Amino acid sequence: MMDSDGYNLRLYVAGQTPKSIAAIANLKKICEKHLPGRYEIEVVDLIKDPALARRHQIVAIPTLIRQLPEPLKRIIGDLSNVEKVLVGLDIQPS
Amino acid sequence: MKADAKAMPPSHRAAGIEKSPTGINGFDEVTYGGLPKGRPTLLCGSAGCGKTLFGMTFLYKGAVEFDEPGVFITFEEQPEDLIQNVGSLNYDLQKLIAQKKLAVDHVHVDPTQIAESGDYDLEGLFIRLGHAIDSVGAKRVVIDTIEALFSGLENHALLRSELRRLFEWLKEKDVTAIITAERGDGTLTRYGLEEYVADCVILLDNRVQEQLSTRRMRVIKYRGSAHGSNEYPFIIDEQGITVMPLTSSGLAHQASAERVSSGIPDLDAMLEGKGYFKGSSVLVSGMAGSGKSTVAAHFVDSICASGERCIYFAMEESPPQIIRNMRSIGIDLEKWVGKGLLSFKARRPNLYGLETHLAAMHRDVAEFKPAGIVVDPISALMSAGVTGDVHSMLLRLVDFLKEHLVTALFTDLGGRPAETTGTAMQISSLMDTWLLLYNRESNGEHNRQLYLLKSRGMAHSNQIREFILSADGIKLREAYVGPAGVLTGSARLAQETQDKAAALVREQEIQRRSRDLERKRREITAQIEALRAQLASEVDEETLLNRESVVREEQLATDRVAMGKSRQTAATAAEPALKAVDGSKSRLEKRRSEKQ
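Residues numbered from 1 in each chain as written. Chains lettered and ligands numbered in written order. Predicted model: local features only at pLDDT ≥ 70, side-chain atom pairs only at ≥ 80, totals over all residues.

## What to know about the overall build of chain B
For step 1, the next point in the chain: Helices and strands together make up the secondary structure of chain B, namely 18 helices and 25 strands.
For step 2, the next point in the chain: Per-residue burial for chain B yields a buried fraction of 41% across its 596 residues.
For step 3, the next point in the chain: Partitioning the contacts of chain B with sequence separation of at least 6, the portion at a separation of at least 24 is 70%. (Helix = DSSP H or I, 4+ residues; strand = E, 2+ residues; numbered from the N terminus. Buried ≥ 20, exposed ≤ 12 C-beta atoms within 10 Å, placed from the backbone. Contact = placed C-beta atoms within 7 Å.)

Here it is, written out as structure tokens:
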């Protein structure tokens, strides 16, 4: 399903907080609209694996990291500002 | 130094909050026990004043000495750098990490990598911190420097509320925490963290005054506890951080009646024959080359010879040079260094500020526990501080030394006559014994003189003595006090020669006069003999005269009888009698003519 310009996105959350839930929903909406079929989302709950927070340098929650394409990009927040998410992930609005 | 804490009134110790000792030399005395246990403490100060080291020492000592594991969250330095930096202090962090006594986490926030979209919180940081604390069972946490978040994240209002939450959370976790912060313009911290951390605030400072930097520490606030409120100097060196609790102990120290020899028998003789009081302060003032260091070396030698320890703070000469120089007057200091009784601390006065010097001396004395110290010369420290400071610094040093019964000898170099030097004016009142060394010029030569200006609590000689540096050390010569004043050197020799000549003349005069008298006496004796002889002959004469008169009376009587007979008898019978009368008569007449 992934092609060369596919997006591998990882969203770090801490439990089922309103911000986390909002972030997941917002991310899905944006991807569906602007990256249909070209994205993969992985949600990491740091409550379940706290060691990952250190390993992946997570400070703020929620944090979205664009693993692919390179280079690595980070966006923090509940992703309610769509414009900033598109800029941050370097996505051309369709 | 522990004595300081014990000496505190019990109210300061028993009451109030539980404390967590930092293990930082001196700091726990200033705060009467350390940081507030289970609460966050704000540690602020400008760049390079030792915040990170303070925090790291707190964790290291906690893990090693108090069995309290710790977590170090660093926002600025890489863990590898951190480990390396404190490696120079022999803090082996790698080992502690391996033993699960320490966790180091580097939180990297790069504003260029992070975009913000919508609402967020710092739960990630909380999770990391919580995980680190749980992984080693931490009791101590250091966060260095959390303000880095302000430059990494845009939403400051959110950050502030999150920090407030963080500090509350740390309290709930019951860890003793240090949060470091950069000092702001006119405020304690750049982002006003003091609003959130209100229990204990400590300020570190590194001031430069006349090109000399002095590190100082102050406890600005300590809720629920007494604390020293002064600024305390601290030093960072190969032994880590040392804070000097320079609380002047006031004037309550014990006075010892014990005596310490000055090392110069002749000088001891001037001090009731016993020397200085133990724990007293001695000032030796003099111009260059007047022998101050030599007096000091004698003192050192005498202390070490009695098996006690001594520290020599050399401000102007290197230890090998001092050792060499003192060997020339027959004092071998090297042997005491070898035996571990003498410790040289050579520090240039301008190496650091006055307070730091003092702090270093305190630490040396507390560590080495000497019976005596020498500061040679104390006047060199003038260049390390603003003039007024020297007095207060010495005051504290002297108090400290007296409290520990350390006899101190300070030398003071005066360019002008010793009485008027600035240092001398300032510090003389602190000194118990004050020796003045003169180097007086007269008759084309300089001669050394020593005068005991004061010596509290003992009868002491008021004489100016000439002192001579010989291969056997210092010798004091009896002062020559003549009609021309106190004389020294060749003038003294000349005067002594003159005196000898005069004495010789007087001696000869006396001899001459006694010979005269002898002669007269003999004459009179001779006269007496002559008179006595005359008297004897007069007595003989008289006796003879008396006898003759008796004989004549008898003769007359006989004659009368004979006369009577001759008238009756023949003329022939009267002849012998007449002859006898003629004989005696002619002899008598002869005597009479002689007398006439």
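## Quick word on the overall build of chain A
For step 1, the next point in the chain: When its secondary structure is counted, chain A shows three helices and four strands.
For step 2, the next point in the chain: Walking chain A from its N terminus toward its C terminus, one meets helices and strands in the order β-α-β-α-β-β-α.
For step 3, the next point in the chain: Of all 94 residues assigned to chain A, the portion counted as buried reaches 37%.
For step 4, the next point in the chain: Of all intrachain contacts in chain A linking residues separated by at least 6 positions in sequence, the fraction that spans at least 24 positions is 65%.

## A word on the pairing of strand β11 (residues 231–237) of chain B
Residue and element names in this part refer to chain B.
For step 1, the next point in the chain: The pairing of strand β10 (residues 212–222) with β11 spans three bridges and is antiparallel. Of the residues in β11, the one forming a bridge with Arg216 is Pro233.
For step 2, the next point in the chain: Note that β11 and strand β12 (residues 240–243) share four bridges and pair antiparallel. When the bridges of β12 are listed, Asp237 appears paired with Gly240.
For step 3, the next point in the chain: Connecting β11 to the next strand, β12, in antiparallel fashion are two residues. (Pairing = 2+ DSSP bridges.)

## What about the sheet that holds strand β3 (residues 63–68) of chain A?
For step 1, the next point in the chain: With mixed pairing, the five strands of this open sheet are ordered in space as β2(A)-β1(A)-β3(A)-β4(A)-β6(B). Strand pairing shows two members of the sheet lacking a second neighbour, β2 (39–45) of chain A together with β6 (114–116) of chain B, which therefore form its edges. In this sheet, adjacent strand axes meet at a mean angle of 25° when their direction is disregarded.
For step 2, the next point in the chain: On top of the sheet, helix α1 (residues 18–34) of chain A reaches β1 (7–13), β2 and β3 of chain A; it is set at about 165° to β1(A), its chief contact. (Axes fitted to C-alpha atoms, helices over the stretch in contact; angles between N-to-C directions.)

## Comments concerning the interface of chain B and chain A
For step 1, the next point in the chain: Opposite the 21 residues of chain B that make contact, chain A presents 27 residues.
For step 2, the next point in the chain: Those elements that provide at least two residues to the side of chain B that touches chain A are β6 and α7 (123–136) of chain B.
For step 3, the next point in the chain: In terms of residue count, the dominant contributor to the side of chain B that touches chain A is α7(B) (seven residues).
For step 4, the next point in the chain: In the side of chain B that touches chain A, the residues fall into eight nonpolar, seven polar and six charged. (Nonpolar A, V, L, I, M, F, W, Y, C, P; charged D, E, K, R; others polar.)

## Concerning unusual backbone geometry
For step 1, the next point in the chain: A cis geometry characterises the amide bond from Ile61(A) onward to Pro62(A), with omega recorded as 0°.
For step 2, the next point in the chain: Note that Pro62(A) resides in the loop between α2 (51–55) and β3.
For step 3, the next point in the chain: Between Asp376(B) and the following residue, Pro377(B), the backbone shows a cis peptide bond with an omega angle of -10°.
For step 4, the next point in the chain: Following the sequence through the fold, Pro377(B) ends up in the loop between β18 (372–376) and α15 (387–403).

## As for the sheet that holds β11(B)
All names here are of chain B.
For step 1, the next point in the chain: Strand order in the open sheet formed by nine strands is β5-β4-β7-β8-β3-β9-β10-β11-β12, and the pairing between neighbours is mixed. Looking at strand neighbours, the two that pair on one side only are β5 (102–106) and β12, the edges of this open sheet. Across this sheet, the average inter-strand angle for adjacent strands is 20°, counted without regard to direction.
For step 2, the next point in the chain: Here strand β9 (residues 200–209) pairs with β10 via ten bridges, running antiparallel. Following the sheet pairing, Val201 is matched in β10 by Lys221.
For step 3, the next point in the chain: Across the sheet, helix α4 (residues 51–65) is in contact with β3 (40–45), β4 (70–74), β5, β7 (140–144), β8 (176–182), β9, β11 and β12; its angle to β7 comes to roughly 165°.

## Focus on α7(B)
All names here are of chain B.
For step 1, the next point in the chain: Taking 1.5 Å of rise per residue, the 14 residues of α7 would be expected to cover 20 Å, and the 20 Å separating its terminal C-alpha atoms lies within 8% of that figure.
For step 2, the next point in the chain: Every buried residue of α7 is listed here: Glu123, Gly124, Leu125, Phe126, Ile127, Arg128, Leu129, Ala132 and Ile133.
For step 3, the next point in the chain: Phi for Gly137, located one or two positions after α7, is positive at around 65°. (Expected span 1.5 Å × (residues − 1).)

## Comments concerning the nonpolar core
Residues and elements named next belong to chain B.
For step 1, the next point in the chain: In terms of nonpolar packing, the biggest core is built from 157 residues, with Ile179, Val300 and Cys310 touching the most fellow members.
For step 2, the next point in the chain: Built from parts of two domains, this core gets at least three residues from each of domain 1 (2–243) and domain 2 (259–478).
For step 3, the next point in the chain: In this view, Val300 contacts Cys310, Tyr312, Leu333, Leu342 and Val374; residues no more than four positions away in its chain are not counted. (Core = buried A, V, L, I, M, F, W, Y, C linked by C-beta atoms within 7 Å. Domains from an automatic or database assignment.)

## Some remarks on the pairing of β4(B)
Residue and element names in this part refer to chain B.
For step 1, the next point in the chain: The buried fraction of β4 is high, at five of five residues.
For step 2, the next point in the chain: By the bridge criterion, five bridges tie β4 to β5 in an arrangement that is parallel. Looking across to β5, one finds that Ile73 is bridged to Asp105.

## Considerations on the environment of Ile146(B)
For step 1, the next point in the chain: If you trace the backbone, Ile146(B) turns up in the loop between β7 and α8 (148–152).
For step 2, the next point in the chain: Those residues in contact with Ile146(B) that sit more than four places away from it in its chain are Phe75(B), Leu163(B) and Ile179(B).

## Some words on the confidence of the model for chain B
Residue and element names in this part refer to chain B.
For step 1, the next point in the chain: Confidence in the prediction for chain B averages 82 pLDDT; 86% of positions are at 70 or higher.
For step 2, the next point in the chain: No element of chain B has a lower mean pLDDT than helix α1 (residues 2–7), at 42, and none a higher one than β4, at 93.
For step 3, the next point in the chain: Segment residues 1–14 is flagged for pLDDT under 50; beyond a separation of four residues in sequence, or across chains, it makes 13 contacts in the model.
For step 4, the next point in the chain: Per the prediction output, this complex has pTM 0.66; the corresponding ipTM is 0.91. (pLDDT = per-residue confidence, 0-100.)

## With respect to the environment of Tyr222(B)
Residue and element names in this part refer to chain B.
For step 1, the next point in the chain: Here Tyr222 shows up in strand β10.
For step 2, the next point in the chain: The buried category is assigned to Tyr222, around which 23 C-beta atoms lie within 10 Å.
For step 3, the next point in the chain: It is 8.1 Å that separates the C-alpha atoms of Tyr222 and Pro36, two residues lying 186 residues apart in sequence.

## Examining helix α11 (residues 292–305) of chain B
Residue and element names in this part refer to chain B.
For step 1, the next point in the chain: The end-to-end C-alpha separation of α11 is 20 Å, in line with the 20 Å expected for 14 residues at 1.5 Å each.
For step 2, the next point in the chain: Of all 14 residues that make up α11, 13 are buried, and the element is covered over most of its length.
For step 3, the next point in the chain: Among the residues trailing α11, Gly307 stands out with phi positive, at a value near 85°.

## Some details on the environment of Ile41(A)
For step 1, the next point in the chain: Mapped onto the elements of the fold, Ile41(A) is located in strand β2.
For step 2, the next point in the chain: The contacts of Ile41(A), once residues within four sequence positions are left out, are Leu9(A), Leu11(A), Leu27(A), Lys28(A) and Cys31(A).

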